[in-house]
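A look at the structure
Next come the chains, spelled out residue by residue.
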Amino acid sequence: MDSLWFSDICGHHVSPFTMLDFDQSCHRKHGFSLENKLVFGRKPYKQALTIARVVSPSQLAIVPSPDKEPVDPDQSHVAWTSVKQERWEGELVVQGEIPLWLKGTYLRNGPGLWHIEDYNFRHLFDGYATLVKLHFEDGRLIAGHRQIESEAYKAAKKNKKICFREFSEVPKHENFMAYVGDLAKLFSGSSLTDNANTGVVKLGDGRVVCLTETQKGSLVIDPNSLETLGRFEYSDSLGGLIHSAHPIVTDAEFLTLLPDLLKPGYLVVRMEPGTNERKVIGRVNCSGGPAPGWVHSFPVTQHYVVVPEMPLRYCAQNLLRAEPTPLYKFEWHPQSKAFLHVMCKASGKVVTSVEVPLFVTFHFINAYEEEDEDGRVTSIIADCCEHHADTSILDQLRLKNLRFFKGEDVLPDARVGRFKIPLDGSRNGKLEAALEADEHGRGIDMCSINPAYLGKKYRYAYACGAQRPCHFPNTLTKLDFVEKKAKNWYDEGAVPSEPFFVARPGATEEDDGVVISLISEKNGGGYALLLDGSTFKEITRAKLPYGLPYGLHGCWVPKK
Ligand SMILES: CC(=O)/C=C/C=C(C)/C=C/C1=C(C)CCCC1(C)C
Ligand SMILES: CC(/C=C/C=O)=C\C=C\C=O
Ligand SMILES: [Fe+2]
């Protein structure tokens, strides 16, 4: 089995091992230990690269960067460098303390491998999925990572080339007939990727699923071994090829949106735990055209689903192109305007559709209902990480922009966009910043909240902000929507991933818990970090044997 083979940091094929074996294996073969590697920085790693090229021609192992990918540490931050091996697991040495109540596994998914042979991918979102785990128990921390074995990843390794359509990458065709054949496959969806690199969710029935924006890219994994168990097959006949990358998942349900590209609109669907069958709650027709707006995520309140219609819309022509456009599979249609639709979860009826100022967001943070003195719902508040209606953030996430940072302040500004959607029949909604964007350095994305506050009035959110000058969000920030203040954590040159909040069992305060993040350091290292959810002070840091690439979204699997 391919998955049983992987290379150590020195490029040798080894079997699954612990951190101790890993260290000893390095020491035996090259006379430096993991300790040395960490202490003396990159030198052993550069040495390792050379060795890897000589001894490891096998296609089974993912060896360190091929020639075209920059290996100069000054040029390529580990956050944007392909993961060094297919899998690893080991116990980490913990500095500080892990609260004893923290029992379970944090899983984080993301694109971690951005090349196949000597071909380098263009966009952050193209990378083959790398799943990372941090298992906390009795004050100890076991970490690990493993490549997700999607069909797209396996085919790329076998054939030494991209074989499916990724976010920006398209397989190269040998001749015109092959191109025509591929177009036919596009309509059936068979040429689309199943590279589940966006997020990972725990369903109410305990199954853990990695996701991307193609429906076929829903893959069940084992949260302990990180093994890919197979495709999550939706047993309904709703069809469609794509869905929102961020379903709303609770112990009671799985809600998502299925964009309809033919008759512009969205199906709002719900799946019960223990089933694979999505049932339609209702349908929203788009108010603008010519295609539905991109729905990477959407918010819910206790009684409503908010369906966003961004002027950044899916584009069928761009889907067919062999070369990416500046907006990839999307197009910006400011004249088509922006809307928010509100659907009642119980009846499926659209209770209002309001026009709102133009906006660009990947991530909604949360939403809630506002009531009058008689308990009638008068409006809905929906918050998102909003990029000032500027699509340039998509291109900023190209790997060449992320890899070559020379200190310029090029991260486009972002704010916490707060929509107010009136439910009195008014035709317009409002969009304002929920707090001064300078509080978080005018950068904001990759957010989480206390899940007990999903759909309810809430006070705190955690996200990545900016300490400028920067080209990517580089702080962890705690947002307080009552005080309208932020607390920021920063480590010079480090790239932190989405801060993920885990509540203390029995907590009564919204921010009583810890915030987990994985940090990729500028020296090529990396560590797992725990911050106190209330003070936002560091409580635990645990160094990884090597830095991991940047990752996107995570979930918490509590220990039963
Ligand atoms: C990683 C992330 O956040 C987003 C990934 C998005 C992907 C892989 C989107 C893929 C798509 C296609 C391959 C064709 C259809 C359109 C679209 C959903 C953008
Ligand atoms: C990492 C990111 C945006 C950063 C902006 O400042 C977006 C990721 C989107 C997919 O999950
Ligand atoms: Fe996302």
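Residues numbered from 1 in each chain as written. Chains lettered and ligands numbered in written order. Predicted model: local features only at pLDDT ≥ 70, side-chain atom pairs only at ≥ 80, totals over all residues. Heavy atoms only, no water.

Observations concerning the overall build of the protein
The cut-off we apply is this: Helical segments are the DSSP runs of H or I of at least four residues, strand segments are the runs of E of at least two, and each set is numbered from the N terminus. To sort residues, take the accessible area from a 1.4 Å probe on protein chains only and compare it with the maximum for the residue type: under 20% means buried, over 50% means exposed, and anything in between is partly exposed. The contact criterion used is simple: two residues touch if any of their non-hydrogen atoms lie within 4.5 Å. Accessible surface area values rest on a Shrake-Rupley calculation with a 1.4 Å probe, where residue burial reflects the displayed protein chains alone.
Secondary structure summary: the protein contains eight helices and 36 strands in total. Looking at the protein as a whole, 59% of its 560 residues are labelled buried. For the protein, contacts bridging at least 24 residues in sequence account for 62% of all contacts bridging at least 6. Surface exposure of the protein reaches about 22200 Å², of which carbon and sulfur atoms provide 53%.

Quick notes on the UniProt feature "binding site: Fe cation" (unreviewed entry) in the protein
Heads up, the condition is: UniProt positions are given in the numbering used here, feature names are shortened, and annotations may be inferred rather than shown by experiment. Pairs of N or O atoms are called polar contacts if they sit within 3.5 Å, as long as, within protein, a hydrogen donor faces a hydrogen acceptor (for residues adjacent in sequence, only side-chain-to-side-chain pairs).
UniProt tags His 246, His 296, His 363 and His 553 as "binding site: Fe cation" (unreviewed entry). Taken along the chain, the residues just named run across 308 residues; in space they keep tight, none of their C-alpha pairs more than 12.4 Å apart. Its location among the elements puts His 363 in strand 23 (residues 361-371). Within the structure, His 363 has its side chain in polar contact with the side chain of His 296 (distance 3.2 Å).

With respect to helix 4 (residues 151-159)
Three or four residues apart is the spacing at which side chains of an α-helix point the same way, because the helix has 3.6 residues per turn. Within helix 4, the full set of buried residues consists of Ala 152, Tyr 153, Ala 155, Ala 156 and Lys 157. Residue Lys 160 follows helix 4 closely and has a positive phi angle near 60°.

Section: the sheet that holds strand 28 (residues 460-465)
The criterion, for reference: When DSSP finds two or more bridges between a pair of strands, those strands are recorded as paired. Axes, fitted as lines to C-alpha atoms, cover a helix only where it is in contact. Angles between the N-to-C directions of the axes lie from 0 to 180 degrees.
A sheet is described by the order of its strands in space; here four strands give the open sequence 27-28-29-30, paired in antiparallel fashion. Edge positions in the sheet fall to strand 27 (445-448) and strand 30 (485-490), since each has one partner strand and no second. This sheet shows a mean twist of 25° between the axes of neighbouring strands, independent of strand direction. In this sheet, strand 29 (residues 475-480) lies alongside strand 28 in antiparallel orientation, the contact comprising six bridges.

Considerations on the site of ligand 1
Applied cut-off: What makes a residue near a molecule or strand is one non-hydrogen atom of that residue sitting within 4 Å of it. The residue classification treats Ala, Val, Leu, Ile, Met, Phe, Trp, Tyr, Cys and Pro as nonpolar and Asp, Glu, Lys and Arg as charged. All others, Gly included, are polar.
Lining the immediate environment of ligand 1, one finds 15 residues, of which Asn 197, Thr 198, Thr 212, His 296 and Leu 319 sit closest. Against a free-state accessible area of 500 Å², the protein chains account for coverage of 98% of ligand 1. Split into classes, the residues belonging to the shell around ligand 1 amount to seven nonpolar, four polar and four charged.

Looking at the coordination of the iron ion (ligand 3)
Counted only if it meets this: Donor selection uses N, O and S atoms within 2.8 Å of the metal (3.2 Å for Na, K and Ca). Since no water is included, sites may look incomplete.
Bound to the iron ion (ligand 3) on the protein side are His 246 (NE2), His 296 (NE2), His 363 (NE2) and His 553 (NE2), at distances that span 2.1 Å. Of note, the donors binding the iron ion (ligand 3) are all from one chain and are spaced H-x49-H-x66-H-x189-H. Residue His 296 is found in the loop between strand 17 (278-285) and strand 18 (304-309), and its partner His 363 is found in strand 23; the two are separated by 67 residues along the sequence. What makes His 296 buried here is its relative accessible area of 7%. The class for His 363 is buried, based on a relative accessible area of 5%.

A few points about the nonpolar core
So the rule is basically this: Remark: nonpolar core denotes a set of buried residues (Ala, Val, Leu, Ile, Met, Phe, Trp, Tyr, Cys) joined through side-chain atoms within 4.5 Å.
Ranked by internal contacts, the top residues of the largest apolar core, which has 104 residues, are Phe 136 and Leu 394. Ignoring any residue separated from it by four or fewer positions in sequence, one finds Phe 136 in contact with Ile 98, Leu 102, Lys 103, Gly 104, Tyr 106, Leu 141, Ile 516, Leu 530 and Trp 556. The next biggest cluster of nonpolar side chains, apart from the first, holds 17 residues, and it includes Tyr 368, Leu 435, Ile 449 and Phe 481.

Focus: helix 5 (residues 176-188)
Condition: What a helix should span is 1.5 Å times the count of its residues minus one.
Counted at 1.5 Å a residue, the expected span for helix 5 with its 13 residues is 18 Å, and the 19 Å between its end C-alpha atoms agrees. Each element contacted by the buried residues of helix 5 is listed here: helix 6 (316-320). Its side-chain oxygen 3.1 Å from the backbone nitrogen of Met 177, Asn 175 forms the N-cap of helix 5. Within two residues after helix 5, Gly 189 carries a phi angle of roughly 90°, on the positive side.

Quick look at the pairing of strand 25 (residues 415-422)
Within strand 25, seven of the eight residues are buried, which leaves the element mostly enclosed by the surrounding structure. The pairing of strand 24 (residues 377-386) with strand 25 spans eight bridges and is classified as antiparallel. For Glu 386, the partnering residue across the bridge sits in strand 25 and is Arg 415. Taken together, the four bridges between strand 25 and strand 26 (residues 430-433) define a ladder with antiparallel strand orientation. Residue pairing across strands places Arg 418 opposite Glu 432, the latter belonging to strand 26.

Considering the packing of aromatic side chains
Condition: Working definition: rings of Phe, Tyr and Trp (its six-membered ring) pair if their centres are within 6.5 Å, and the pair is stacked with planes under 30 degrees apart, edge-to-face with planes over 60 apart, and tilted otherwise. For a Lys NZ or an Arg CZ to count as sitting over a ring, it must be within 6 Å of the ring centre and within 35 degrees of the ring normal.
Tallying each qualifying case throughout the model produces 24 aromatic pairs. Relative to Tyr 128, the ring of Phe 121 lies with its centre 5.4 Å away and its plane at 80°, an arrangement referred to as edge-to-face. The class for Phe 121 is buried, based on a relative accessible area of 3%. An aromatic cluster is present here, built from Phe 125, Phe 167, Trp 294, Tyr 314, Tyr 328, Phe 330 and Phe 362 joined pairwise through their rings. Taking NZ or CZ as reference, Arg 278 lies 4.1 Å from the ring centre of Tyr 234, over its face.

Things to note about unusual backbone geometry
A cis amide bond links Gly 289 with the next residue in sequence, Pro 290, at an omega value of 5°. As for its position among the elements, Pro 290 is in the loop between strand 17 and strand 18. Cis rather than trans, the peptide bond between Arg 468 and Pro 469 has omega equal to 0°. Summarising the element assignment, Pro 469 is placed in the loop between strand 28 and strand 29. Residue His 388 is not a glycine yet carries a positive backbone phi of 50°. Examined against the element boundaries, His 388 turns out to sit in the loop between strand 24 and helix 7 (392-396). Residue classification places His 388 among the partly exposed residues on the basis of a relative accessible area of 40%. At Phe 536, a position not held by glycine, the phi torsion is positive, near 65°. For Phe 536, the location among the structural elements is in the loop between strand 34 (526-532) and strand 35 (538-543). Overall, the relative accessible area of 5% leaves Phe 536 in the buried class.

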